[in-house]
Amino acid sequence: MTEEKNFKKKLESFHDKYYKLLLLIPIAILVFSFIYMFVFYSNNGDFIYKDFSLTGGTSITISGQIDAVKLEEALSKKLDEINTREIYDLVTREQTALIIQTKTETEEAKEILEGYLGYKLNNKNSSFEFIGSDLSENFYKQLLIAILFAFGFMAIVVFIIFRTFVPSLAVIISAFADIFMTLTLVNIFGIKMSSAGIVAFLMLVGYSVDTDILLTNRILKRYEGSLNQRIFGAFKTGITMTLTSLLALVFALIVVSSFSIILTQIFTILVIGLGFDIFNTWITNVSILKWYVKSKGKE
Amino acid sequence: MKIKLTWKIWILIIAVVLSLLAVFGTPMSFFQKGVLVTSVEQNSTISEQGLKQGQIITEIDGLEIDGLENYLEVMQEKFNSNQSVKTILKTKDSEIILFSKNPPPIIVSEIPKTNIKTGLDISGGSRALVKAQNIKLSSSDAEDLKKVIENRLNVYGIEDVKITTITDFSGDYYIRIEIAGTTPEDLKNLISQQGKFEAKIGNEIVFIGGEKDITSVTRSGQDAIIESCQESNDFYFCNFRFTIFLSEDAAKRHSKITDKLDINSTIDGSYLSEKLDLFLDDKLVDSLLIGEGLKGRITTQISISGSGTADTQEEAYENARNEMNNLQTILITGSLPYKLEVVKLDTISPSLGKEFQNSIFLAGISALFVVSLFIFLRYRNFKSSIALLLTSLSEIIIILGIASIISWNLDLPSIAGILATIGIGIDQQIIILDEARETFSSLKQRLKRAFTIILGAYFTAVVAMIPLYWAAAGFFKGFAITTIIGITAGVLITRPAFTDIIRKIEE
């Protein structure tokens, strides 16, 4: 017990000494993200790599065991920007279907695939999804607008709840940092984003402020214990929350990655986002808040 | 030990029971045997006798039917010879007696065990989003267009269809068409083809599609048939023929135009010098010879023909039947007011969807299992951990219950929304649990504070979801809806109850 207390004490004095310096870490990462995204945008003319659902094109799911590599090799010249993914049975690990995504239109893609496979694709052995390029462009714009609105609304609600400038701003900054760092990492991984992936970012807006609200509430709206005790109490609760969500997401991710591109992408983005959330809540937000409280002498 | 339940806990219990009722219906329907009628052919004898969509067939010829397989077996056995047989179908409150050579023209399915409806991306089917080409529609234009498409699909014979007009941020109108189950092969044509039908002799229009010129179109019996199939070189073609009836005006036009024509005599017979050319969207579909007897005559009865081709005879026959149905549909419903463009078209195979459902279930269960293990390790308190899990489970039940009541189709985004909600729910229960375990001030005070945090988190989550309701033509609406239902039910029902449960445990 004394050891634990000692450790706690050491941690406290370390944090009291360096909490301002700690802020340099998120600032460094944010600066890196900004530079990366700037270069990314000037190279690609966009914020993300898009998959067929945002550029327009077709996704075809064909049941059965079809060799993805061979198919891609054979058809890479015929089908525009071909992309494949195997779907498999979670238990036996046997392939059950193949998903083929391409910018080529459905009818044409279907014919090419039928030629390759040597049989007709119909309602029983395949699924088709098609989206026109104008509509997908439109979807993309609207989802971006939706994220901006969501973020704006969230910011307003945060200001209404806390009614003080710096702490509210701290929450908003760490939510922004979550989203922006996640976006950067998703691009570094080279993930082709679908419309559902963008929706995952929207979820992140809601998810990431939870722990920040908890923290700010515990620190500003109550006076039991020292500032550090309140921060540590909030940390214990908050980290339990985030770890629980992360665990659930990682396990769900393992399962869904066997069958759904959409859910896999949503969960991957959330896992990355929640990872950054731990970092931004307990370093970025805590440091700003501590600085604020100390400077106001409200300890 | 006697536990007194508070009213908040009672509300949770009642909400869960009501939700279970909403999901499963009454226990009676759960054990109901038979098959559900999902569609009945229009104008058939059986529909005239009163069999309707939604009824449940319990017996055939006095034999109890306990499922789809059983039904199909019985039907196959009854109609394996080509003779007329008597069939007695018994439903809950009626009995229908038929004499026929073929099985009754109805589609049946298993009785669904729950009232939960899954979206097309899970249960299979097709959905399309269409838009007028080059024109910005007003809301009333869109409504009109919707009616025309609706009529066309109904006439074609597609029963289980849902058509909605939707608008997005930029004020563009779209028509969304959703068809459950099997997708007609030429759905794309059916909905987007303008269907401007013109019958011309030379350059003069004799009649066009739609009820103004065409009073009726024969769709069954001797006057609408696939006449013959032939092999030619490498492929097969099948001819179809059906009769239509012209309005008086159109018939007079016909007489006036044909009156001016000459008669050509050939070995096959005598015909008029010009043919009747049928155009569909300005493309020539067929040219019909006009018998000399029709010259200058006011005739209201016209025979329309065409053909279907394919590599095999079976397919050619099928194509001919589809072509005929398509043409009949266009002749009856007339052309669409605008040129349409299919901007999104998804057809999902029902068998692929089935596997999906199981996997999603597995994902949910495994996530919940891991979470419970983690919670138990963290708190080392069996009662609280169980309370937390049961509360989360009840939240899922309540979301499903509300989804059943408002007949919301659970698609993939909706399911992602449910998973997200459960995550948020567990997080907030952890806040409550931790506050309750603090030592300062009174327990009541602490739980009240937990609620301020929860309300804050609630409002930020709700406002973040609202824009999604309209964005992207509503394709992610399900996500917004299940999330909002879930977290609202959480704040109003499950969290207050959980707070009371924890209070009971802690006191």
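All values reported here derive from a predicted model rather than from experimental measurement.

Now for the overall build of chain B. Within chain B, the regular secondary structure consists of 14 helices and 22 strands. When its C-alpha atoms are laid out on the principal axes, chain B stretches across 110 × 60 × 45 Å. Taking all 507 residues of chain B together, the buried fraction comes to 39%. Long-range pairs, those at least 24 residues apart, make up 72% of the contacts in chain B between residues at least 6 apart in sequence.

Bringing the overall build of chain A into the picture now. When its secondary structure is counted, chain A shows ten helices and six strands. Its C-alpha atoms put chain A at 75 × 40 × 30 Å along the principal axes. The buried share of chain A, reckoned over its 299 residues, is 46%. In chain A, once contacts between residues fewer than 6 apart in sequence are set aside, the share between residues at least 24 apart is 75%.

With that settled, consider the pairing of strand E5 (residues 95-100) of chain B. With zero of its six residues buried, E5 of chain B lies for the most part at the surface. Counting the residues that bridge the hairpin from strand E4 (residues 85-91) of chain B to E5 of chain B gives three residues.

Moving on, we come to the sheet that holds strand E18 (residues 276-280) of chain B. All names here are of chain B. Ordered in space as E12-E11-E18-E19, the four strands form an open sheet in which the pairing is antiparallel. Unpaired on one side and paired on the other, strand E12 (204-208) and strand E19 (283-288) mark the two borders of the sheet. Across this sheet, the average inter-strand angle for adjacent strands is 30°, counted without regard to direction. Of the strands in this sheet, strand E11 (197-201) and E12 touch helix H8 (residues 248-259), which is tilted by about 155° from E12.

Strand order across the open sheet formed by eight strands is E3(A)-E4(A)-E2(A)-E5(A)-E21(B)-E8(B)-E10(B)-E9(B), with antiparallel pairing between neighbours. Whereas interior strands pair on both sides, the edge strands pair on one side only; in this sheet they are strand E3 (83-88) of chain A together with strand E9 (161-167) of chain B. Across the sheet, the axes of successive neighbouring strands diverge by a mean angle of 15°, strand direction being ignored. Bridging between strand E2 (residues 57-63) of chain A and strand E4 (residues 95-102) of chain A involves six bridges; their strand directions are antiparallel.

Here the focus is the interface of chain A and chain B. Across the boundary between the two partners, chain A contributes 60 residues, which contact 56 residues of chain B. Mapped by element, the contributors of at least two residues to the side of chain A that touches chain B are E2, E4, strand E5 (126-131), helix H6 (133-162), helix H8 (195-220), helix H9 (227-256) and helix H10 (261-296) of chain A. Element by element, the count of residues in the side of chain A that touches chain B is highest for H6 of chain A, at 14 residues. When its residues are assigned to classes, the side of chain A that touches chain B shows 35 nonpolar, 18 polar and seven charged. One ladder, built from four bridges, connects E5 of chain A with strand E21 (residues 340-348) of chain B; its direction is antiparallel. Each bridged residue has a counterpart across the sheet, and for Glu129 of chain A the counterpart in E21 of chain B is Asp346 of chain B.

What follows is about the environment of Phe180 of chain A. All names here are of chain A. Structurally, Phe180 can be placed in helix H7 (residues 165-188). A sequence separation of 21 residues divides Phe180 from Phe201, and the C-alpha atoms of the two residues are 9.7 Å apart. Ignoring any residue separated from it by four or fewer positions in sequence, one finds Phe180 in contact with Leu30 and Ser33.

A word on the domain arrangement of chain A. Residue and element names in this part refer to chain A. Under the domain assignment used here, chain A contains domain 1 (2-50 + 134-296) and domain 2 (57-131). Taking only C-alpha atoms into account, the centre of domain 1 sits 37 Å from that of domain 2. Each partner contributes residues to the interface: domain 1 has six residues there, and domain 2 has six residues. Across the side of domain 1 that touches domain 2, the residue classes tally to four nonpolar, two polar and no charged.

All right, on to the nonpolar core then. The biggest cluster of nonpolar side chains holds 165 residues, and the ones touching the most others in it are Ala150, Met154, Val199, Leu202, Ala252, Ile266 and Leu270 of chain A. The residues contacting Ile266 of chain A, other than those within four sequence positions of it, are Ala196, Gly197, Val199 and Ala200 of chain A together with Ala416 of chain B. Ranked by size, the runner-up nonpolar core spans 31 residues in total, among them Tyr236, Phe242, Ile302 and Ile304 of chain B.

Attention now goes to unusual backbone geometry. Residue and element names in this part refer to chain B. Unusually for a residue other than glycine, Asp282 sits at a positive phi of about 65°. Along the chain, Asp282 falls in the loop between E18 and E19. Positive phi is not limited to glycine here, since Arg380 has a value of about 50°. With respect to the helices, strands and loops of the structure, Arg380 is situated in the loop between helix H10 (350-379) and helix H11 (382-405).

Let's shift gears to helix H12 (residues 412-437) of chain B. Compared with the 38 Å implied by 1.5 Å per residue over 26 residues, the 38 Å span of H12 of chain B between its first and last C-alpha is a close match. Burial of H12 of chain B is extensive: 24 of the 26 residues sit out of reach of the surface.

Turning to the packing of H6 of chain A against helix H13 (residues 443-465) of chain B, a few remarks are in order. Look at H6 of chain A against H13 of chain B: their axes get within 8 Å of each other, and the N-to-C directions meet at 160°. Considering their axes alone, H6 of chain A and H13 of chain B lie roughly antiparallel with respect to each other. As for how H6 of chain A packs across H13 of chain B, the hand of that crossing is right-handed. In contact with Ala150, Phe153, Met154, Val157, Val158 and Ile161 of chain A of H6 of chain A, H13 of chain B contributes Gly456, Phe459, Thr460, Val463 and Ala464 of chain B.

Taken together, the six bridges between E3 of chain A and E4 of chain A define a ladder with antiparallel strand orientation. Residue pairing for E4 of chain A: Ile87 of chain A is matched across the bridge by Ala97 of chain A.

Helix-helix packing: each pair is described by the crossing angle between the helix axes and the interaxial distance. Residues and elements named next belong to chain A. Here H8 crosses H9 at 160°, and the two axes come no closer than 9 Å. Taken together, the axes of H8 and H9 lie roughly antiparallel to each other. The chirality of how H8 crosses H9 is right-handed. Taken together, the residues of H9 that come into contact with H8 (itself represented by Asp210, Thr211, Leu214, Leu215, Arg218 and Ile219) are Leu227, Arg230, Ile231, Gly233, Ala234, Thr237, Gly238, Met241 and Thr242. Each residue belonging to the contact of H8 with H9 can be placed in one class, and the counts come to seven nonpolar, five polar and three charged.

Residue and element names in this part refer to chain B. Position of Ile263 among the secondary structure elements: in strand E16 (residues 263-266). Taking the number of C-beta atoms within 10 Å as the measure of exposure, Ile263 has 13 and is therefore partly exposed. Spatially, the C-alpha atom of Ile263 lies 5.5 Å from that of Ser273, the residues being ten residues apart in sequence. When residues no more than four places from it in sequence are discounted, the contact partners of Ile263 are Ser270, Leu272, Glu292 and Lys295.

All names here are of chain B. Along the polypeptide, Lys131 turns up in strand E8 (residues 125-132). For Lys131, a count of 26 C-beta atoms within 10 Å translates into the label buried. Here the alpha-carbon distance between Lys131 and Ile175, two residues 44 residues apart in the chain, equals 6.5 Å. In contact with Lys131, not counting residues within four places along its chain, are Tyr174, Leu340, Glu341 and Val343.

Procedures and definitions
- Residues numbered from 1 in each chain as written.
- Chains lettered and ligands numbered in written order.
- Predicted model: local features only at pLDDT ≥ 70, side-chain atom pairs only at ≥ 80, totals over all residues.
- Helix = DSSP H or I, 4+ residues; strand = E, 2+ residues; numbered from the N terminus.
- Buried ≥ 20, exposed ≤ 12 C-beta atoms within 10 Å, placed from the backbone.
- Contact = placed C-beta atoms within 7 Å.
- Pairing = 2+ DSSP bridges.
- Axes fitted to C-alpha atoms, helices over the stretch in contact; angles between N-to-C directions.
- Nonpolar A, V, L, I, M, F, W, Y, C, P; charged D, E, K, R; others polar.
- Domains from an automatic or database assignment.
- Core = buried A, V, L, I, M, F, W, Y, C linked by C-beta atoms within 7 Å.
- Expected span 1.5 Å × (residues − 1).
- Parallel < 35°, antiparallel > 145°, perpendicular 65-115°, else oblique.
- Left-handed = near helix turned anticlockwise from the far one by under 90°.

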